Protein chains: 2
Amino acid sequence: MIDVHKAQQIIQAAIPVLGSESVPLLESLGRVLARDIVATEDSPGTDISTKDGFTLHHKSLTGASPQSPVFLKIIGESAAGRPCGAAVKAGEAVRIMAGGMVPDGADTVVGLEIVTEDHGYVVCTSAPRRGGSVRLRGALLKNGETVFRAGMVVGPAEVGVLASLRRAYVPVHRRPLVAIATTGDELADFHEPASPSKTMSSNLYALAAQVLEAGAVPLCIGIVGDELETLQTHLREALHADVIITSGGMSKGRYDLVRESFAALGMDMKLSTLLGKPGKPAIFGKIGASLVFGLPGSPPAAMISFEQFIRPAILRMMGHARVPSRSAADDRQEGTGDGLFSLYQLFKQGRAAMPAENGPSPIPLRMSSP
Amino acid sequence: MIDVHKAQQIIQAAIPVLGSESVPLLESLGRVLARDIVATEDSPGTDISTKDGFTLHHKSLTGASPQSPVFLKIIGESAAGRPCGAAVKAGEAVRIMAGGMVPDGADTVVGLEIVTEDHGYVVCTSAPRRGGSVRLRGALLKNGETVFRAGMVVGPAEVGVLASLRRAYVPVHRRPLVAIATTGDELADFHEPASPSKTMSSNLYALAAQVLEAGAVPLCIGIVGDELETLQTHLREALHADVIITSGGMSKGRYDLVRESFAALGMDMKLSTLLGKPGKPAIFGKIGASLVFGLPGSPPAAMISFEQFIRPAILRMMGHARVPSRSAADDRQEGTGDGLFSLYQLFKQGRAAMPAENGPSPIPLRMSSP
């Protein structure tokens, strides 16, 4: 027998970080950057004004004071996105708006609040510092500067910055394809007629929902019967997946069947009876490059096992550096499931099993003992 | 001028909860139930055994003791999903597995640990209580019983329970369609050639990412120029959306243009200058059934306004009862943005603007002053 923490370590050591793919900007939300993002141009791309006023060459204001005001001829206008074509010469000024390009020949902006206008001239009674109210080309970012490091999680603000860097596509770590199969002759799916001797394979859907919540892509293989050959055929079809999850087939007798199927496919068994409870064994290993998890069939036990072992593995595969670990309190609660009965009880007792409202929870799902 | 809290109240009072739609089970993840979920059959649908053993009628064990063991003839087997066809008569027993149907005529299960087998007979030396180790039909749920209440958020465990209730489709509140337009002649999108006088319209993407994170559906209208007619044409095209967001056009001069466009479309203006800062006005109102938010153009200010006002509105529209509100500390930080400059600075200072890693954050985005 092996404790949960040790099992998690063995699993984490076997997890590869998946390669990268280029996705459209908006699809990078929530994903992990696979490469550094480097600016490919200066930002701003030209000198721009940070306020509404007039732009001019600083030398034109030499000696300006209330006693000897300087008159500069207004020769044009520069608004954001609408630059002024002309260059500014000595004795001239261009009306400029916040965000407007500073034209050739100008190096300084004087704000509206310290000047007056007089018949096509701007009247200056003071000289602000040279370069005042001008944001120089490259002041925010220089061409070649690293903006984001590989390993960063992309949120909405990063999406905005990536857009401003003209990144229509973003290199992120691939999301694992996670195949899910449930085993058991007593299981039925939606397309099968209701029967008192059959139970809906709720694990197929609950586990797929957990896979979605973790950010990966579920592939529902479906219900696999209790025969060795069927099980092997279905598992073989799932071998293109990055992760294979089976649930059920972990009770006495059935357990050997699942192990045998895995073994026949060349499984490198790394762990068994993960949960360390009689009657609730579980399996972890690799078949080729696919990670294989055999979970118990009881819905709460399967869901808890997912949170303990598979969710951290999925996050690691997607390039997440920080992977939440379960607390000691959670460990004490492992394997308390008694089939759907306890799941229903949990809900009747106030939905103790629910992750936080308003979206996926960053902490593991907790199920308290009924 | 109006404080943020009061503004949030005015907005919330104007928000409708959207109607319901029926979505495939897995797509209900993270959505809010629009109707109660009621069981339409008993669960389990028949009496089943909770352990491996033998099932029989309790009367057959009358008087059983170590001194006078009772011998019952084993007439068949009932495994999970493979019921035994025969009825059990006095003096008979059926071998049964955990999850197996209890056959007609039987009412009790005796576990393997308290019996022995002898040439086709099971030998009982004690009589457990009547009904022992049997889960009766309807013990988990009775036909007609309410399992989940409308208003509940669907998580992975609920998906599992809904599957077990044979709900292939789930009634949930609709997700709002959120149209996003940015205004400004200086803005460019990916398809336009780079130019030093143009800035990428990062708000289009950052706001779309925020909409996705809140669980709604973004509709990018794109960049709208600074002419009244263009603006009105684009806004008119967005009127089928549940929410319309514009960003920019909130500086002096431009502000009137946006207000005028809204007014020409029949806007019922409920709030303006929400953020209550000079130069950073914002607008809220309704055009027909569409909610309209006019946000400032500075990326951090637009993102903060979204978190303050639009995210809570979207959650309310989707039926969420608990909508996170911003803290007083957040209020002090409102409107600190100075364009992308501060956004870049925030990132350089350790990504203060990021929501929690590993998925959408349930608390509002916080941006600290650079």
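Quick caveat: nothing in here was measured; it's all calculated off a predicted structure.

About the criteria used
- Every chain is numbered independently, its residues counted from 1 as its sequence is written.
- All chains are assigned letters beginning with A, and all ligands numbers beginning with 1, in the order in which they are written.
- With pLDDT at 70 or above as the cut-off, local features in this predicted model cover only qualifying residues; side-chain atom pairs require 80 or more to be listed or tallied, and sums for whole chains, interfaces and linings still use all residues.
- The side-chain numbers reported here are obtained from all heavy atoms of the structure, hydrogens and water having been left aside.
- Strands are runs of DSSP state E lasting at least two residues, helices are runs of H or I lasting at least four, and both sets are numbered from the N terminus onward.
- A 1.4 Å probe rolled over the protein chains alone gives each residue an accessible area, and that area as a share of the maximum for its type sets the label: buried under 20%, exposed over 50%, partly exposed in between.
- Every residue pair with non-hydrogen atoms within 4.5 Å of one another is taken to be in contact.
- Per-residue and other accessible areas follow the Shrake-Rupley method at a 1.4 Å probe size, with only the shown protein chains counted as cover for residues.
- When DSSP finds two or more bridges between two strands, those strands count as paired.
- Simply put, an axis is a line fit to the C-alpha atoms, just over the touching stretch for a helix, and the angle between two N-to-C directions goes from 0 to 180 degrees.
- Relevant arc is that of directions from the helix axis to the C-beta atoms, nothing else.
- An angle counts as roughly parallel when it lies under 35 degrees, as roughly antiparallel when it exceeds 145, as roughly perpendicular when it falls between 65 and 115, and as oblique in every other case.
- We call a crossing left-handed when the near helix sits turned anticlockwise from the far one by less than a right angle, and right-handed when that turn is clockwise.
- Residue classes follow a fixed rule: Ala, Val, Leu, Ile, Met, Phe, Trp, Tyr, Cys and Pro count as nonpolar, while Asp, Glu, Lys and Arg count as charged, and any other residue, Gly among them, counts as polar.
- For this analysis, a nonpolar core means a set of buried residues of the types Ala, Val, Leu, Ile, Met, Phe, Trp, Tyr and Cys, connected via side-chain atoms within 4.5 Å.
- Here, expected helix span is obtained from the residue count minus one, scaled by 1.5 Å.

Q: Is there a simple way to explain the overall build of chain A in this structure?
A: Assigned secondary structure in chain A consists of eight helices and 20 strands. By the burial criterion, 55% of the 370 residues in chain A qualify as buried. Residue pairs at least 24 apart in sequence account for 71% of intrachain contacts in chain A once pairs closer than 6 positions are excluded. When the accessible surface of chain A is split by element, carbon and sulfur atoms take 52% of a total near 14900 Å².

Q: What am I meant to see in the sheet that holds strand β4 (residues 53-56) of chain B here?
A: All names here are of chain B. The strand order β7-β4-β6-β5-β9-β8 describes an open sheet built from six strands, whose pairing is mixed. Pairing within the sheet leaves two strands with one partner each, and these edge strands are β7 (108-111) and β8 (115-118). Geometrically, the sheet is characterised by an average inter-axis angle of 40 degrees between neighbouring strands, direction not taken into account. Bridging between strand β5 (residues 70-78) and strand β6 (residues 92-96) involves four bridges; their strand directions are parallel. Bridge assignment links Ser78 to a residue of β6, and that residue is Ile96.

Q: It is not clear to me how helix α4 (residues 228-237) of chain A should be interpreted in this structure. Could you clarify?
A: A turn of α-helix holds 3.6 residues, and therefore any two residues three or four places apart point the same way. Residues and elements named next belong to chain A. Every buried residue belonging to α4 is among Leu231, Gln232 and Leu235, and all of these are buried. Summarising the axial view, the buried residues of α4 lie within an arc of 95 degrees, below the 170-degree limit, and thus occupy one face. Exposed residues lying more than 90 degrees from the buried face of α4 are Glu229 and Glu237.

Q: How do you make sense of the environment of B:Ser43 when you look at a structure like this?
A: For B:Ser43, the position within the fold is in the loop between β2 (37-38) and β3 (48-49). Considered as a pair, B:Ser43 and B:Leu165 are 122 residues apart in the sequence and their alpha carbons are 8.6 Å apart.

Q: Even after reading the chapter, I still don't get the side chain of A:Asp189, so can you show me in this structure?
A: Relative to the helices and strands, A:Asp189 resides in the loop between β14 (187-188) and β15 (199-200). Ignoring sequence-local partners within four residues, the contact set of A:Asp189 consists of A:Met200, A:Leu204, A:Tyr205, A:Ile223 and B:Arg166.

Q: What exactly am I supposed to notice about the packing of helix α3 (residues 202-213) of chain B against helix α6 (residues 299-317) of chain B here?
A: For any two helices packed against each other, the geometry comes down to the angle between their axes and how far apart the axes lie. All names here are of chain B. α6 packs onto α3 with a crossing angle of 20 degrees between their chain directions and a minimal axis gap of 10 Å. Compared by their axis directions, α3 and α6 come out roughly parallel. In the crossing of α3 with α6, the sense of the turn from one axis to the other is right-handed. Facing α3, whose interface residues are Ser202, Asn203, Ala206, Leu207, Gln210 and Val211, α6 presents Pro299, Ala302, Met303, Phe306 and Glu307. Its residues assigned to classes, the contact of α3 with α6 shows seven nonpolar, three polar and one charged.

Q: I tried to follow the sheet that holds strand β18 (residues 268-272) of chain B on my own but got confused; where do I start?
A: Strands in a sheet are paired, the pairing made by backbone hydrogen bonds, and the direction either parallel or antiparallel. Residues and elements named next belong to chain B. The sheet built from six strands is open, its strands ordered β16-β13-β17-β20-β19-β18 with mixed pairing. Unpaired on one side and paired on the other, β16 (217-224) and β18 mark the two borders of the sheet. Taken pair by pair, the neighbouring strands of this sheet meet at an average axis angle of 20 degrees, ignoring direction. Where strand β19 (residues 283-287) meets strand β20 (residues 290-295), five bridges bridge the pair, whose relative direction is antiparallel. Paired with Gly285 across the two strands is Val292, which belongs to β20. In the packing of helix α1 (residues 4-13) onto the sheet, contacts are made with β18, β19 and β20, and the angle to β18 comes to roughly 160 degrees. Its contacts with the sheet put α6 on β13 (177-183), β17 (243-247) and β20, and the angle it makes with β20 is roughly 170 degrees.

Q: Any chance you could explain the environment of A:Leu56 here in plain terms?
A: Residue and element names in this part refer to chain A. Looking at where Leu56 falls in the secondary structure, it is placed in strand β4 (residues 53-56). Leu56 sits 47 residues away from Pro103 along the chain, and the two C-alpha atoms are 8.7 Å apart. Leave out the neighbours within four places in its chain, and Leu56 touches Leu61, Leu72, Val88, Glu92, Ala93, Ala106, Asp107, Thr108 and Val110.

Q: Looking at this structure, I do not really get the packing of helix α1 (residues 4-13) of chain A against helix α6 (residues 299-317) of chain A. What am I missing?
A: Residues and elements named next belong to chain A. In the contact formed by α1 and α6, the axes pass within 10 Å of each other and the chain directions differ by 30 degrees. When the axis of α1 is compared with that of α6, the two are roughly parallel. Relative to α6, the crossing made by α1 is right-handed. Two secondary-structure elements touch here, α1 through Val4, Ala7, Gln8, Ile11 and Gln12 and α6 through Gln308, Phe309, Pro312, Ala313 and Arg316. Considered class by class, the residues forming the contact of α1 with α6 number six nonpolar, three polar and one charged.

Q: Please clarify how the nonpolar core should be interpreted in this entry.
A: Soluble globular proteins tend to pack their nonpolar side chains together in the buried interior. Ranked by internal contacts, the top residues of the largest apolar core, which has 52 residues, are A:Ile11, A:Val178, A:Ile245, A:Phe293, A:Ile310, A:Ile314 and B:Phe148. Among the elements that line this core, the one with the most residues is α6(A), at eight residues. Residues contacting A:Ile245, with those up to four places away along its chain left out, are A:Val178, A:Ala179, A:Ile180, A:Ala181, A:Leu207, A:Phe293, A:Leu295, A:Phe306 and A:Ile310. Core analysis: the next-biggest nonpolar cluster, separate from the first, contains 51 residues, A:Val170, B:Val243, B:Leu271 and B:Ala313 among them.

Q: Can you walk me through helix α3 (residues 202-213) of chain A in this structure?
A: All names here are of chain A. Here α3 is 12 residues long and its end C-alpha atoms lie 17 Å apart, about the 16 Å a rise of 1.5 Å per residue gives. Of all 12 residues making up α3, 11 are buried, and the element is well covered by its neighbours. Listed as buried for α3 are Ser202, Asn203, Leu204, Tyr205, Ala206, Leu207, Ala208, Ala209, Gln210, Val211 and Glu213. Remark: Gly215 follows α3 within two positions and exhibits a positive phi of approximately 95 degrees.

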